[in-house]
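Structural characterization, general
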Amino acid sequence: MTSSDTSSDAPPSKSLRFVIIGAGMAGILSAIRLKEAGLDFVIYEKADKIGGTWRENTYAGIACDVPSHLYSYSFALNPEWSQQFAPGPEIRQYFEDVAERFGVASAIRYNCEITSCKFEVGRWQVAAADGSIDTADFIIAATGVLHHPAIPAFEGLDSFAGLAFHSARWDNDLDLSDRRVGVVGTGSSAIQIVSAIADRVKELTLFQRTAQWVIPVGNQTYSETEREKFRATPQAMLDIRTEVARAFIDGFANVLGDMDSPMIEAIQATCEANLNDNVKDPDLREKLRPNYRAGCKRLVMSERFYDAIQQPNAKLVTEAIDRVEPSGVRTKDGVLHELDVLVMATGFKVDAFMRPMEVVGREGATLREKWEVAPSAYMAISIPDFPNFFMLNGPNGPVGNFSLIDVVELQFAYIMQLVDHVRSNSCKEISVSRAAAERFDEDRKVAAQTTIWSTGCKSWYLDANGVPTAWPWTYDRFQEEMAQPKLADYEIR
Ligand code: N01
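**Here's the deal with the packing of helix H6 (residues 234-253) against helix H13 (residues 475-483)**
If you want to describe how two helices pack, look at the angle between their axes and the distance between the axes. The contact between H6 and H13 brings their axes to 9 Å, and the two run at 115°. Across the interface between the two elements, Arg246, Ile249 and Ala253 of H6 pack against Tyr475, Asp476 and Gln479 of H13. The class makeup of the residues in the contact of H6 with H13 is three nonpolar, one polar and two charged.

And the structure:
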């Protein structure tokens, strides 16, 4: 078959069953699209609620750093967003509402963690932790990216007499007023937490290992009048979405691959001005000044953080953590920072993806072997020898580049074109060829060398060898690639 050979318009003739793993943003989208296509599917969800990231992360101050009218399904724009960057609970509610409205909520099997997928005699055998077994023609792994908390092995952590937890295990019943709270980390989670709690805790201690560039982005509230306009005129939401998307793509997503781009320099200047103009004490200002370029780590957006860390009850600690003791955290300089609560906003095991699930493809090929060195997937979607198994937001996708909802919509439309070949009986099995997967992996590693992520910082964008893992090209190129699969890159049986 040639690259232009697609059968997406072919009349469907085969009944196929799909297993979707994960009822987060990507799983819900998959279910809606499969329902529209009249295909048989089930969604397995390990937890008792939908929402993925937005179910797991409920910490104080949580919001999405992509504007909400962009971080919405294109077919389910939401006139009710309360703010330009809506808070986490509102986003989770949105996914619940959409799942109900589009009639896919009833297809979710909750509390059912998939432990293995094995390709046997042309179909996938899917096993769950509760011992149940299912069979499917296709697997859609919508298992998310940032969902296995990374908790540092601080000596003495278990001895802490107060409450210690990861940012993704926040207890919303916990009253923080009158508590001495320590936060470890300066990523997006920590910065949102610090900004949200600084004025309601007794003392706040932020343990910073690496300073972060902070870009000041406001968060406009939508008035009832504006929301009424969105309800009456959906085009108004579409206009915002289009405008924000274009600005985001031109001013950010398309320039990440060129570390010398003037746009990156403009972002750097904005972050520097934010720091210089808003942190009064010169010592504190220098402690907060990163020694790497803006955009190298994922940019943190906040208009509140510098105010929060300069409050009289707040303290920035840059001395490394030595150990945790019953009454607090002792740093390497011997100082004990007494605490009642210790929040570890220390990020996630970002290379896990669908693991620890066991995946066994054709002729015994295992995910464990394939990802022994580092996870990779052609176009972030397909893995050689795993026929009819597709990932959403798999490795090497534009995870830090743009709205992940837009990414997933494009990916799913691409996957459906592959599915159509099986559906129309032109083949039974489809997966990327080994040669194409290797070529893709080599090309993206070469392209990664000129990205801003390669400019000398440590971040979760890098693999164990220090190579940026995310999509290194422009977002426009991603859209072009997703428009139509290059069938010559696929092994079709
Ligand atoms: O995690 P992170 P996150 N001792 O990995 C520090 C998305 N997100 O949860 O920089 C001391 O960014 C670590 O220090 P260092 C978004 O994609 C989005 O904040 O490695 N410190 C770092 O400061 C984001 O990028 C939103 O030196 C330790 C921090 O912990 C991604 O999730 C909101 C340490 C981890 O930062 C992850 O963000 C929240 C140790 N042993 C998250 N180990 C929005 O949409 C780690 N650290 C707004």
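Further notes follow.
**Brief notes about the domain arrangement of the chain**
How large an interface is tends to be reported as the accessible area lost when its parts come together. Looking at the chain, the domain boundaries give domain 1 (13-146 + 350-492) and domain 2 (157-213 + 257-344). Measuring from the centre of the C-alpha atoms in domain 1 to the corresponding centre in domain 2 gives 31 Å. In this complex, domain 1 contributes 26 residues to the contact, which on the side of domain 2 involves 25 residues. Looking only at domain 1, the three residues that lose the most surface to domain 2 are Tyr59, Asp65 and Ile452, adding up to 31% of its buried area. The interface formed by domain 1 and domain 2 includes two salt bridges. Here Arg169 ties to Glu56 by a salt bridge, and the two come within 3.4 Å at their closest N and O atoms. Where domain 1 meets domain 2, there are eight residue pairs in polar contact (both at pLDDT 80 or more).

**Let's talk about the sheet that holds strand S3 (residues 108-109)**
Pairing is parallel across the open sheet formed by five strands, whose spatial order is S3-S2-S1-S7-S19. This sheet does not close on itself; its edge strands, each paired only once, are S3 and strand S19 (389-391). In this structure, strand S1 (residues 17-21) lies alongside strand S2 (residues 40-44), joined through five bridges in parallel fashion. If you follow Arg17 over to S2, its bridge partner there is Asp40.

**What to know about the site of the ligand**
For the ligand, the set of nearby residues contains 24 residues, the closest of which are Thr186, Ser189, Gln192, Thr210 and Lys297. Asp65 is positioned with one of its backbone polar atoms (N or O) 2.9 Å from an oxygen atom of the ligand. Take Ser189: an N or O atom from its side chain is 2.6 Å from an oxygen atom of the ligand. For the ligand, the accessible surface in isolation is 910 Å², of which the surrounding protein chains cover 84%. Considering every element that reaches the shell around the ligand, the biggest residue donor is helix H4 (residues 188-197), with three residues. Tallied by class, residues from the shell around the ligand come to 10 nonpolar, nine polar and five charged. Shared between two domains, the shell around the ligand takes at least three residues from each, and those domains are domain 1 (13-146 + 350-492) and domain 2 (157-213 + 257-344).

**Overview of the sheet that holds strand S14 (residues 321-325)**
Taken together, three strands build an open sheet; the order of strands is S14-S15-S16 and the sheet is antiparallel. Taken across any chain shown, the strands that pair with only one partner, and hence form the sheet edges, are S14 and strand S16 (336-338). Averaged over all neighbouring strand pairs, the angle between strand axes comes to 25°, with direction disregarded. Bridging between S14 and strand S15 (residues 328-331) involves four bridges; their strand directions are antiparallel. Counterpart to Glu325 in the pairing with S15 is Gly328.

**Structural notes on the pattern of salt bridges**
Throughout the structure, instances matching the rule amount to 34 salt bridges. One salt bridge connects Lys332 with Asp322, and the closest N-O pair in it is separated by 3.6 Å. Residue Lys332 is found in the loop between S15 and S16, and its partner Asp322 is found in strand S14; the two are separated by 10 residues along the sequence. Look at Lys332 and you get exposed, because its relative accessible area is 54%. The residue Glu481 makes a salt bridge to Arg477 at a minimum N-O spacing of 3.7 Å. On the criterion of helical spacing, the pair formed by Glu481 and Arg477 is a turn pair, its members being four residues apart in helix H13. Note on Glu481: relative accessible area 11%, which makes it buried.

**A closer look at H13**
Taken as a whole, H13 has its buried residues at Tyr475, Phe478, Glu481 and Met482. Seen along its axis, H13 keeps its buried residues to an arc of 115°; they face one direction. Among the exposed residues of H13, those pointing more than 90 degrees away from its buried face are Glu480 and Ala483. Looking at the buried residues of H13, the elements they touch are H6 and helix H11 (404-423).

**Observations regarding the side chain of Arg17**
Its place among the elements puts Arg17 in strand S1. A polar contact of 2.5 Å, which involves the side chain of Arg17, links it to the side chain of Asp134. For Arg17, the side chain forms a polar contact with the main-chain oxygen of Thr135, separated by 3.1 Å. Leave out the neighbours within four places in its chain, and Arg17 touches Asp40, Val42, Tyr44, Arg123, Asp134, Thr135, Ala136, Asp137 and Phe138.

**Looking at the packing of H11 against H13**
In contact at an axis separation of 8 Å, H11 and H13 are set at 25° when each is read in the N-to-C sense. Here H11 is positioned roughly parallel relative to H13, judged by the angle of their axes. The residues of H13 that touch H11, namely those facing Asp406, Val407, Leu410, Gln411, Tyr414 and Gln417, are Tyr475, Phe478, Gln479, Glu481, Met482 and Ala483.

**So, the environment of Lys229**
Summarising the element assignment, Lys229 is placed in helix H5 (residues 224-232). Judged by its relative accessible area of 47%, Lys229 falls in the partly exposed class. Once the C-alpha coordinates of Lys229 and Gln192 are considered, the two residues, 37 residues apart in sequence, prove to be 30 Å apart.

Parameters at a glance
Residues numbered from 1 in each chain as written. Predicted model: local features only at pLDDT ≥ 70, side-chain atom pairs only at ≥ 80, totals over all residues. Heavy atoms only, no water. Axes fitted to C-alpha atoms, helices over the stretch in contact; angles between N-to-C directions. Helix = DSSP H or I, 4+ residues; strand = E, 2+ residues; numbered from the N terminus. Contact = heavy atoms within 4.5 Å. Nonpolar A, V, L, I, M, F, W, Y, C, P; charged D, E, K, R; others polar. Domains from an automatic or database assignment. Buried area = accessible area lost by both parts, 1.4 Å probe. Salt bridge = Lys/Arg side-chain N within 4 Å of Asp/Glu carboxyl O. Polar contact = N/O pair within 3.5 Å; in protein donor to acceptor, adjacent residues only side chain to side chain. Pairing = 2+ DSSP bridges. Near = heavy atom within 4 Å. Areas by Shrake-Rupley, 256 points an atom, 1.4 Å probe, with all protein chains shown as cover. Buried < 20%, exposed > 50% of the residue type's maximum accessible area, 1.4 Å probe, protein only. Arc of directions from axis to C-beta. Parallel < 35°, antiparallel > 145°, perpendicular 65-115°, else oblique.

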